[in-house]
Amino acid sequence: MMDLFAFYSNIELSRELDNAGVDGFVVDWEHLGKEDRQNLYDTQINLHTKKNLTDLRKITQRPIICRTNAPQYLTQKELSDAMDGGADELLIPMIRNVHEVETLLNQINGKIPIGIMIETLEAIDSIRSFMELPLSRCYVGLNDLSIARKSSSIFLPLTDGFLADIRKKITIPFGFGGLTHPKLGSPLPCEILISQMVQYQTSFTFLRRSFYRDIQNYSIPTILKEIREALQSSTQHSSKEILDFIQKKPASDATA
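Helix-helix packing: each pair is described by the crossing angle between the helix axes and the interaxial distance. As a packed pair, helix α4 (residues 76-84) and helix α5 (residues 98-108) sit with axes 11 Å apart at the nearest point and diverge in direction by 55°. Compared by their axis directions, α4 and α5 come out oblique. α4 and α5 meet at a crossing whose hand is right-handed. Contact residues: α4 offers Q76, L79 and M83, while α5 offers L104, Q107 and I108. Looking at the contact of α4 with α5 residue by residue, the classes come out as four nonpolar, two polar and no charged.

What follows is the structure in structure tokens.
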């Protein structure tokens, strides 16, 4: 079964998610350099703090992933704050090469698992080398990858073989995209994205930005139940079907 991780929003909502059976949480510290990189794109920048992490740790026993800043901005203090604050795992964005990851692994020295995000063209060329390192997971960030590829839609990797080629090289828990109620989601309905996740043997994903809007109309337990049922009963969709959807209107709210 695919693990569903929720991005931290506030303590009250986190309690609801915890009680509803979400599989884990993400506290998001990535912000340095992100605004310039994603300027003019419909993305989201969180400004979570160490206090958010420590407060969340107090109310849940579920795994907490801390997404840090990218390696060129990542300090020893930030690493220490994440570990001291109760994170169970680090997720490092905007990885470019093996040297960056090896440096981080040496700094951490086995104290906490490290996962990486594949969202740069440089990282694509080093995937097989990454797989030789003791990493906990790998998430393909479609937003930043589409910016790097100058794509018209973040979902094009699902239609042009790009994601399929990446997936063949990844031998650790793999994730991409983000979910909300299967009948919702734009421009690609989540039920179709779910079918692709099943096809690519996705181990985990995030509850995406629109999930937090959709809980105004559906309860959290209902959406989680519908997602999990859709994962069990998904049907395959062709690349042409997906392309037809993404060409109807611009992509938004696609990933966490």
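Back to the write-up after that little detour.
This part covers the pairing of strand β2 (residues 24-28). A large share of β2 lies buried, amounting to five of its five residues. On β2, burial covers both faces: G24, V26 and D28 on one face and F25 and V27 on the other are all buried.

Bringing the pattern of salt bridges into the picture now. Tallied over the entire structure, the rule returns 14 salt bridges. Note that D28 and R67 form a salt bridge whose closest N and O atoms lie 2.8 Å from each other. Placement of the pair is D28 in strand β2 and R67 in strand β3 (residues 64-67), with a sequence separation of 39 residues. Like D28, the residue R67 is buried in the burial classification. Among the ionic contacts, a cluster of salt bridges with common partners joins D28, E30 and R67.

Another aspect to go through is the packing of aromatic side chains. Scanning the entire structure with this criterion turns up eight aromatic pairs. Ring centres of F5 and F204 lie 6.4 Å apart, and the angle between their planes is 85°; this geometry places the pair in the edge-to-face category. Pair noted here: F5 is in strand β1 (residues 3-7) and F204 is in strand β8 (residues 204-207), with a separation of 199 residues, a long-range link. Owing to a relative accessible area of 2%, F5 belongs among the buried residues under this scheme. On the basis of relative accessibility, which here comes to 0%, the residue F204 falls in the buried class. Judged by centre distance (6.1 Å) and plane angle (40°), the ring pair of Y139 and F204 falls under tilted. Of this pair, Y139 sits in strand β6 (residues 138-140) while F204 sits in strand β8, and the two are 65 residues apart along the sequence. Here a set of aromatic residues connected by ring pairs shows up, and it is made of F5, F7, Y139, F204 and F206.

The geometry of helix α1 (residues 11-20) relative to helix α12 (residues 220-233) is characterised by a closest axis approach of 9 Å and an angle of 45° between their N-to-C directions. Here α1 lies oblique to α12, going by the angle between them. Of the two possible hands of crossing, α1 and α12 adopt the one that is right-handed. For the pair formed by α1 and α12, the contact residues are L13, E16, L17 and A20 on the first element and I220, P221 and L224 on the second. Residue composition of the contact of α1 with α12, by class: six nonpolar, no polar and one charged.

This part takes up the sheet that holds β8. Strand order in the closed barrel formed by eight strands is β1-β2-β3-β4-β5-β6-β7-β8, with parallel pairing between adjacent strands. For this sheet, the mean inter-axis angle between neighbouring strands, taken without regard to orientation, is 30°. Judged from the four bridges that link them, β1 and β8 form a sheet pairing that is parallel. Along β8, the bridge assignment pairs L4 with T205. Along the sheet, α5 makes contact with β4 (89-92) and β5 (114-118), crossing β5 at roughly 160°.

Of all hydrophobic cores here, the largest spans 81 residues; its most connected members are L17, F130 and F176. If sequence neighbours within four positions are ignored, F130 has contacts with I95, N97, V98, V101, I116, I118, A123 and L135.

Structurally, a disulfide amounts to a covalent bond that connects the sulfur atoms of two cysteines. Taken as a whole and judged by the stated rule, the model has zero disulfides. Considering cysteine sulfurs only, C66 is the nearest to C138, which forms no disulfide, with 18 Å between them.

Thresholds, definitions, all that
- Residues numbered from 1 in each chain as written.
- Predicted model: local features only at pLDDT ≥ 70, side-chain atom pairs only at ≥ 80, totals over all residues.
- Heavy atoms only, no water.
- Axes fitted to C-alpha atoms, helices over the stretch in contact; angles between N-to-C directions.
- Helix = DSSP H or I, 4+ residues; strand = E, 2+ residues; numbered from the N terminus.
- Parallel < 35°, antiparallel > 145°, perpendicular 65-115°, else oblique.
- Left-handed = near helix turned anticlockwise from the far one by under 90°.
- Contact = heavy atoms within 4.5 Å.
- Nonpolar A, V, L, I, M, F, W, Y, C, P; charged D, E, K, R; others polar.
- Buried < 20%, exposed > 50% of the residue type's maximum accessible area, 1.4 Å probe, protein only.
- Salt bridge = Lys/Arg side-chain N within 4 Å of Asp/Glu carboxyl O.
- Phe/Tyr/Trp six-rings, centres within 6.5 Å; stacked < 30°, edge-to-face > 60°.
- Pairing = 2+ DSSP bridges.
- Core = buried A, V, L, I, M, F, W, Y, C linked by side-chain atoms within 4.5 Å.
- Disulfide = S-S within 2.5 Å.

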